[in-house]
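# An overview of the molecular structure
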Amino acid sequence: MSEEHCSGDTCITCSDMAVEVRVVRLLDDAMAVVETGAGEETVSVALVSAGVGDTILVHAREAIGVVGTGHE
């Protein structure tokens, strides 16, 4: 993966750790656009109940938990 997807020592695409990101908008097919701190990326939210403004944990482009709510 290219460095442009990474922010600091963590990356929502290739890190072994889950990374906190904020949901910017929900898309069709259980996908969402998230703000990573280094730009926006699209991730799956199929395993969680997330809304716009929520902070979610993402690992390998898959949301695995909601850690803060911020529903608009």
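Residues numbered from 1 in each chain as written. Predicted model: local features only at pLDDT ≥ 70, side-chain atom pairs only at ≥ 80, totals over all residues. Heavy atoms only, no water.

## Some remarks on the environment of Leu57
Applied cut-off: Runs of H or I in DSSP of at least four residues are treated as helices and runs of E of at least two as strands, each being numbered from the N terminus. Remark: exposure states derive from per-residue accessible area (1.4 Å probe, protein chains only) relative to the maximum for the residue type, with buried under 20%, exposed over 50%, and partly exposed in between.
Its location among the elements puts Leu57 in strand S6 (residues 55–59). For Leu57, a relative accessible area of 25% translates into the label partly exposed. For the pair Leu57 and Ala18, spaced 39 residues apart in sequence, the C-alpha separation works out to 5.6 Å.

## Section: the confidence of the model for the chain
How we decide: As a per-residue quantity, pLDDT reports the predictor's confidence and falls between 0 and 100.
Here the chain averages 86 in pLDDT, and 76% of its residues register 70 or above. At the level of individual helices and strands, the chain shows its lowest average pLDDT in strand S1 (residues 6–7), which scores 60, and its highest in strand S4 (residues 31–35), which scores 97.

## Considerations on unusual backbone geometry
In this structure, Ala30 is a non-glycine residue whose phi angle is positive, near 60 degrees. Its location among the elements puts Ala30 in the loop between strand S3 (19–27) and S4. For Ala60, which is not glycine, the phi torsion reads 55 degrees and is therefore positive. Positionally, Ala60 belongs in the loop between S6 and strand S7 (62–68).

## Details of the pairing of strand S5 (residues 40–44)
Formally: In this description, strands pair whenever DSSP reports at least two bridges between them.
Here S4 pairs with S5 via five bridges, running antiparallel. Bridging from a neighbouring strand, Met31 pairs with Ser44 of S5. Turn length for the S4-S5 hairpin, with the two strands adjacent in sequence and antiparallel, is four residues, and the turn residue Gly37 shows positive phi of about 100 degrees.

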